[in-house]
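Residues per chain, in single letters:
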Amino acid sequence: QACPTDALLSKFTPAQKNNSKSVDSVCPYCGVGCLLSFNVQGEKINSVTGRNGPSNNSRLCVKGRYGFDYIHHKDRLINPLIRLKGVQKTSAIIEPSKIKDYFREATWEEALDFAANGFLEIKNRNGSQYLSGLGSAKGSNEEAYLFQKLVRTGFQTNNVDHCTRLCHASSVAAMLEMLGSAAVSNQVSDVGKTDVAIVIGAKPTVNHPVAATFMKNAAKNGTKIIVIDPYRSELTRHAEYFFQLRPDTDVALLNSLMHVIIKENLYDENFVLGRTENFDELRECVLKYSPEEVAPICGIAAADIKTVARMYAKAQKAMIFWGMGISQHVHGTDNARCLISLALLCGQIGRPGAGIHPLRGQNNVQGASDSGLIPMVYPNYLPVEDTTSRKRFEALWQTDLNKDPGLTVVEMTQAAYAGDLKAMYIMGENPAMSDPNLNHAREGFARLEHLVVQDIFFTETAGFADVVFPASAFPEKTGTFTNTDRRVQLGRQAVSPPGKAKQDIWIIQQLAKRIGLSWDYEGVEDVFEEIRAANDSMSEISWANLEREQSLTYPYDSTTKQSETVLFTKSFPKPSGKATFIAADYSKADELPDESYPFIFITGRQLEHWHTGSMTTRSLVLKSLEPHAVVSLNLADMEAIGCKEHESVIIESRRGRIEAKIRQDSRVQIRSIFMAFCYSEASANLLTNEAVDPFGKIPEFKFCAVRIKRKAIKTESN
């Protein structure tokens, strides 16, 4: 994009023909929410151009710039499908080329009737608790809102969730209990206003590349970046300090930082006394974690712990960014509690350039959560168990509601396996790739009596379905999306869905009508208006404002036309108005390495691919850049197992086995293995552990015990 001599040019350029057009929209990938334009000719997107949006300043990463052609792929679903009679489900994955052996094409009327009747039959026979829905953080706010409303009012259960459960559920749990809000306090761009920024458990250069450019710019202008992670990411080149701590030791290290700050009286006493509570409990806990005692646990020198603690505490303004390296642990909520406590302890919250920011993963995780796609809360994060909250939504939706919190994603899978859940409606998610311990999860999906999948491709999950609805891709719909900064932004339809594929909102409404709901939304704007009534944070943002401004941050005051880009400036949204310290003691992962399984297996994402790969592995440029499944290993470990780069290795856990090619990566710690979970041919989650955090109910994707060996090479003699 920025080649100074124009020696490098993109082969994808905006069309200049008479029937070409440019459609302003939003990026469909990570939570940064870059504004872009789809350059369209007829019904085909030829290229993508970055717009000067507040989250990207015209910048785009490789996915945003080149990952658009998946919507034109030959694998797109274009007809509804119904499973053939007598074809039984197994835990095996169905290849897209074999679809006709398991499914037949159907009309929309037939498929919708079949889907609705299946849900109604099970509900009438077994009860509403046997039904569930899994929505999508890739879809719009309007889709998320209608989806959870359908499950709550039509299925009459709170068994509804989405991928925040596999992303930042533990962060949300900690923020709600400590601050009274799950929203980020400051936007990413505030890193340019801060003196010190801690980036922990995150690889922004891979997962949030455009956000990472703001961090690099800040470092160039004097902000001191402190990176804390088991992996030496590219951002460490711009860091003042890098702590390559041992996996799973975050709580010990963070408690030690707070130990130094309290012992040396560096904390903000006025802030602690005036705006927080429960400080004594925190002090009593962290004073057990001296740097000298913690250093051998986390592998960081005591002197360095002290230096960074002083640097953060003495900064005029400091921020903390964290990713799923913090949240995806059985003690993920404790990890987040420590980070929030660190910010509160030093008064580093509630000011420009001073705050906390858990970097959201998918493009609409924030919006889907705000819209109520969570089993224990309604929109606006109001608890389903609270009578006042329930009455509010009973009045809005004109129906009685279930008062019991529902099942989370992992609990749904476990219930399906046990026979305690018989039906699921899955929209735009691929849990047969993203759930932990996939052998167990896939068997659970196979045991479901009725599964309806709504997606744009025949995913691994679709193979377990009884009905498959062909849906609309991101550029084929209009709706609002809320990014990691709390910016509500408008995505606009650029092209039409192919074949008989339909808009997701149309599909949800047609299914709702067939299960007895009398909905009558004329379009996406009508749904947005109802969201404004359901979600206080969105109430002042109008559709007309969005069309004019493109991007509006909530909370928003329509009278002054001002957004609150910084939260918690005067008080916290709790009854006392104060934040609550919650102390956390160091604990270990659910499954530790031993002689049989001596390596630590860590999953995550890679720059060129996205989530379970259903979109990016069908994008020409992205697929060509990273065509095959790889596992990253330190050179010392490669030599120990007698393997060279690009050779195949076998990795086994107590739950599964995969085969992939090895990639030498000196940034990976010894006795650790990193792998992206986007490759169907080597599904990383066949190995991962389904143990969950007791508070956030999030699985421990970032730590399980495995063994690795070089694959034996067959010769002619054997």
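As a reminder, the structure under discussion sits directly above these lines.
Reference entry: report on the structure contained in this document. (Residues numbered from 1 in each chain as written. Predicted model: local features only at pLDDT ≥ 70, side-chain atom pairs only at ≥ 80, totals over all residues. Heavy atoms only, no water.)

Topic: the layout of surface pockets
What counts is decided by this rule: Definitions used throughout: a 1 Å grid over protein atoms alone; a cavity as a set of points that fits a 1.4 Å probe which cannot get out; a pocket as an open set with protein on both sides within 12 Å along at least five of seven lines; a lining residue as one with an atom within 4 Å of a point. Grid points are joined across faces, edges and corners, and a volume is the space filled by probe spheres set on the points. Where helices and strands are cited, they refer to DSSP runs of H or I of at least four residues and of E of at least two residues respectively, numbered from the N terminus. Basically, the charged four are Asp, Glu, Lys and Arg, the nonpolar ten are Ala, Val, Leu, Ile, Met, Phe, Trp, Tyr, Cys and Pro, and anything else, Gly included, counts as polar.
If you add up the space inside the largest pocket, you get close to 1000 Å³. Contributing to the lining of the largest pocket are 45 residues, with Gly180, Ser181, Ala182, Tyr381 and Pro573 lying nearest its centre. When residues of the lining of the largest pocket are traced back to their parent elements, those giving at least two are helix H4 (169-179), helix H14 (365-370), strand E20 (556-557) and strand E21 (562-563). No other element matches the four residues that H4 contributes to the lining of the largest pocket. Residues belonging to the lining of the largest pocket are distributed by class as follows: 22 nonpolar, 13 polar and 10 charged. The volume enclosed by the second largest pocket comes to roughly 530 Å³. For the second largest pocket, the lining is made up of 23 residues, of which Glu95, Pro96, Glu460, Arg618 and Ser680 are closest to its centre. A per-class count over the lining of the second largest pocket returns seven nonpolar, nine polar and seven charged.

Details of the nonpolar core
Keep this limit in mind: As used here, the term nonpolar core means buried Ala, Val, Leu, Ile, Met, Phe, Trp, Tyr and Cys residues forming a set that is joined through side-chain atoms within 4.5 Å. Burial status follows relative accessibility: with a 1.4 Å probe on protein chains alone, a residue under 20% of its type maximum counts as buried, one over 50% as exposed, and anything between as partly exposed.
Ranked by internal contacts, the top residues of the largest apolar core, which has 99 residues, are Tyr70, Leu150, Phe321, Tyr425 and Phe469. Within the second largest apolar cluster, 63 residues are counted, among which are Leu254, Val308, Ala309 and Met311.

Some thoughts on the sheet that holds strand E5 (residues 103-105)
By way of backbone hydrogen bonds, the strands of a sheet pair with one another, either parallel or antiparallel. To be explicit about the condition: Pairing between two strands is assigned when DSSP locates at least 2 bridges connecting them. Here, residues are in contact when the closest pair of their heavy atoms is within 4.5 Å. Axes here mean lines fitted to C-alpha atoms, for a helix over just the part in contact, with angles spanning 0 to 180 degrees between N-to-C directions.
As summarised here, the arrangement of the seven strands in space is E5-E4-E16-E15-E14-E6-E7, forming an open sheet in which the pairing is mixed. The open sheet has two edge strands with one neighbour each: E5 and strand E7 (160-161). Judged from the five bridges that link them, strand E14 (residues 423-427) and strand E15 (residues 450-455) form a sheet pairing that is parallel. Looking at E15, one finds that Met427 is bridged to Gln454. Lying over the sheet, helix H2 (residues 108-126) contacts strand E4 (81-83), E5, strand E6 (131-134), E14, E15 and strand E16 (467-470), oriented at roughly 135° with respect to E16.

Fair warning: the whole summary comes from geometry, so function is off the table for now.
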